[in-house]
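Inside the fold
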Amino acid sequence: MERLQFLMDQILECYNSSLSNDEKYQSVSLLWTNFYKLSYEFKRKYESLGDFDSLEELSGQLEKATRLYLMCENECYKFYQEPSQKDIDKEVVIQAVDHTKEVLFNRKLGIDDGISMDEVACLLDWAVSNVRTTLKEFGIDIRTNSLNGFCEFGQALSIMPFEHLGLEVTKNRASDAFGYPFNHAFGTVTFPVLDNGKVVDKKYLIDTTYRQFFSSVRCNEGRYYAIEENTGKIANPDPGYFVMDELFAKTLMRDGYVLFDQRSAYLYGEGFYLASLDIEHKKIRDDRNFDYYQAIIDSSFDYSINSSELEGLNLDFPSFVSKGFQR
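Some thoughts on the packing of aromatic side chains
Per the stated rule, a full pass over the model turns up 31 aromatic pairs. For the ring pair Tyr 241 and Phe 242, a centre distance of 5.1 Å and an interplane angle of 85° mean the geometry is edge-to-face. Residue classification places Tyr 241 among the partly exposed positions, given a relative accessible area of 25%. Residue Phe 242 is classed as buried on the basis of its relative accessible area, which comes to 7%.

This is the structure:
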């Protein structure tokens, strides 16, 4: 037990140090892995011996570790990227919304019409900013907070405005799309875009809380030997542990959205799939030729959060200007 306490002391000392994020992650991920592996070995040993006193003492150590784990949730990350908080010009957003409504009306009449990429970016940035501004109003420091536990809120507040606008959306859960054993909500939106005189559909994946899967407390090999604190299931490392494309991960963490295509669907979905494999299959890579893109498209359900919990929040884009297009 002294060894477990020593490892916890080392973990806390590392988190409190002046090391860079990357240096901290390298150190604490190894320390957490050693702690979880050692505690797992002790548990098996004491169970085989029927040593209930030692098991009770071990349980106390694991409870202390859980408190430490929760306390250090936001301390460092596998990939460190702060969410951006962009300056949003409300009048520009209103004009983009106004034009989008006109385009959607024209398309219903059979007119092939689309919006610009600048308008797409404007609408996406507003939707993500809407989530982050609201979290800040709740007292959440989005620069450092992992945003763990806010996915359902983020999904509803970012996707609903697009749905209310009349754009095609999906409302997804990682459990339905990838077999991930824990809850995570995200979504997609499709825009008709006028590109070089032709109208093409461009889809975007929106996940405003993706950062939570890169926290050092869950992004380590030791999670294969740990119990998830809320469900009592074997935890497994978080999806971020398996993500090797740093640019993709940082882009989604920074912007809250990425272009949704076969490649981004794979980079996003594979981490959730691999995080669903238990310790006996942990070295299996995804060779199933699984279509992550189609899995997301086909797994759209309703929002995971109760609409009554969103009362008083911005669920729609800003109102049209008085001279704008209205139907």
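Here we look at the environment of Lys 171
Mapped onto the fold, Lys 171 is located in strand β1 (residues 168–173). We classify Lys 171 as buried; its relative accessible area is 12%. Spatially, the C-alpha atom of Lys 171 lies 8.4 Å from that of Ala 156, the residues being 15 residues apart in sequence. Ignoring any residue separated from it by four or fewer positions in sequence, one finds Lys 171 in contact with Gln 155, Ile 159, Glu 163, Phe 186, Ser 299, Ser 300, Phe 301, Asp 302 and Tyr 303. One polar contact links Lys 171 to Glu 163, side chain to side chain, over a distance of 2.9 Å.

Here's the deal with unusual backbone geometry
Most peptide bonds are trans, and most residues other than glycine sit at a negative phi. With a phi angle near 70°, Leu 147 is a residue other than glycine that sits in the positive phi range. Following the sequence through the fold, Leu 147 ends up in the loop between α5 (117–137) and α6 (151–165). Of note in the backbone geometry, Asn 196 takes a positive phi value of approximately 55° without being a glycine. Here Asn 196 shows up in the loop between β2 (185–195) and β3 (198–206).

Quick notes on the rules
- Residues numbered from 1 in each chain as written.
- Predicted model: local features only at pLDDT ≥ 70, side-chain atom pairs only at ≥ 80, totals over all residues.
- Heavy atoms only, no water.
- Phe/Tyr/Trp six-rings, centres within 6.5 Å; stacked < 30°, edge-to-face > 60°.
- Buried < 20%, exposed > 50% of the residue type's maximum accessible area, 1.4 Å probe, protein only.
- Helix = DSSP H or I, 4+ residues; strand = E, 2+ residues; numbered from the N terminus.
- Contact = heavy atoms within 4.5 Å.
- Polar contact = N/O pair within 3.5 Å; in protein donor to acceptor, adjacent residues only side chain to side chain.

So, to be careful, I would describe these as geometric facts and stop short of saying anything about function.
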